[in-house]
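# A closer look at the structure
Listed below are the residues making up each chain.
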Amino acid sequence: MATEITTQEILQEAGKTKFRTILLTVLLSFATFYFCRFHLFLYQSEAKVTWVDPTVVDARIIEDQGANPFKSDFYNRLFATVHSNDMYRHLIRKFGLLQHYGIDTTKEFYEERAIRILKSRIKLVKTPFNLIIISVEDAYRYRCAEIANEAAAYADELNRKNTVTALRKRLRINEEMIGKLRAEHDAQAQRLQKSLDELEGLPHSATMDRSQEALAQTIYALHSSTDQLINAGKYYRLLEASLLDRNLPSIVTVESARASASSLNGKAGLIAGLVAIGCFLFALLTTYFRLRYQHLAKAYLRG
């Protein structure tokens, strides 16, 4: 019958491999701490932004033109701007994220790898108070806040550039439209003058009545084209004033991102400590089963 294994026997046997056990425990603990601290647990910072419309633009006149270059969904516009390649490349260059993420630049598609990591760490959340939260995650608390604030600031810069480009395009289109309206207006004026000339000297008859009806239609068409030309001119001047004054829609930071006050070292250290305890218990357990196997083998040979 096999004798029972005492705690003293287990400790004596475990002491034979204590240096190897301690080394393995320390290595696993440090590896666990590093993984948890820099990969599993990340700091998070949030920048809150909102949308400010320009005051120079008369919305009624723009709506009459049927195309408001400033009107769009704020969230969709900001999402497209923050998650654009221009934004990613700017943040990668400004904060040296290739080195920060440990990406080998000698390998193919290294920039795409950095963009993929950055994209997974930037999130946008819409609040009920007409605010958008730009949330950024990173292993370092201060850099996390800096990236969030820079994303908000550069989003406004990109938005202004895109708006100026759209306004200039709209100005070119409006210039062409004004030219066509002016030509139409001149043609209507010529037709009116021709109708007036034809009415001079005509007797009062059915023919004259029909001519007067045609004249009324010409006057109405001229009045309509004049209104369109006036509105188009107002729209053109408003767009031109917006470009000159830079009175453009802006993405305004309501609350800047701040570094997290709580440290993640405690969480990572706790898990590393649990791993160390687990390694120690595993070493004792394997020692116990090894001793038990040896005792059973001896008992079998004696029997």
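In this report, the structure presented in the accompanying data block is examined. (Residues numbered from 1 in each chain as written. Predicted model: local features only at pLDDT ≥ 70, side-chain atom pairs only at ≥ 80, totals over all residues. Heavy atoms only, no water.)

### Looking at helix α4 (residues 74-82)
Inspection of α4 places F74, R77, L78, T81 and V82 among the buried residues, and these make up the whole buried set. Axial view of α4: buried residues confined to an arc of 125°, hence all on one face. (Buried < 20%, exposed > 50% of the residue type's maximum accessible area, 1.4 Å probe, protein only. Helix = DSSP H or I, 4+ residues; strand = E, 2+ residues; numbered from the N terminus. Arc of directions from axis to C-beta.)

### Some thoughts on the pattern of salt bridges
All chains considered together, the criterion is met by six salt bridges. Two residues, E255 and K48, come together in a salt bridge whose shortest N-O distance is 3.8 Å. Taken together, the residues span a long stretch of sequence, with E255 in strand β4 (residues 250-255) and K48 in strand β1 (residues 43-52) at a distance of 207 residues. Overall, E255 belongs to the partly exposed group, its relative accessible area being 32%. (Salt bridge = Lys/Arg side-chain N within 4 Å of Asp/Glu carboxyl O.)

### Some points on the packing of aromatic side chains
Counting across every chain of the model gives five aromatic pairs. Residues Y34 and F38 carry aromatic rings whose centres are separated by 5.1 Å and whose planes lie at 45° to one another, so their mutual orientation is tilted. One end of the pair, Y34, and the other, F38, are both in helix α2 (residues 18-40), four residues apart, so they sit about a helical turn from each other. Plain terms: the ring middles of Y288 and F289 are 5.4 Å apart, the flat faces sit at 70° to each other, and that makes the pair edge-to-face. R37 extends its terminal NZ or CZ atom over the ring of F38, reaching a point 4.9 Å from the ring centre. Against the face of F41 rests K267, its NZ or CZ located 5.9 Å from the ring centre. (Phe/Tyr/Trp six-rings, centres within 6.5 Å; stacked < 30°, edge-to-face > 60°. Lys NZ or Arg CZ within 6 Å of the ring centre and 35° of its normal.)

### Concerning unusual backbone geometry
Phi at F109 is positive, roughly 60°, even though this residue is not glycine. Locating F109 in the fold gives a position in the loop between α6 (97-100) and α7 (110-121). Given a relative accessible area of 52%, F109 falls into the exposed group. Even without being a glycine, N130 presents a positive backbone phi close to 60°.

### Quick word on the sheet that holds strand β2 (residues 122-126)
Taken in spatial order, the four strands line up as β2-β3-β1-β4 in an open sheet, and their pairing is antiparallel. Two strands bound the open sheet, and with one partner strand each, they are β2 and β4. Neighbouring strand axes in the sheet, compared pairwise and without regard to direction, differ in orientation by 35° on average. The pairing of β1 with strand β3 (residues 132-138) spans seven bridges and is antiparallel. In the sheet register, S45 faces β3, and the bridge partner there is V136. The strands touched by α7 are β2 and β3; relative to β2, the strand with the most contacts, the crossing angle is about 30°. (Pairing = 2+ DSSP bridges. Axes fitted to C-alpha atoms, helices over the stretch in contact; angles between N-to-C directions. Contact = heavy atoms within 4.5 Å.)

### Observations regarding the side chain of T32
With respect to the element layout, T32 can be found in helix α2. For T32, a relative accessible area of 16% translates into the label buried. Apart from the residues lying within four places of it in its own chain, the contact partners of T32 are I271, A272 and V275.

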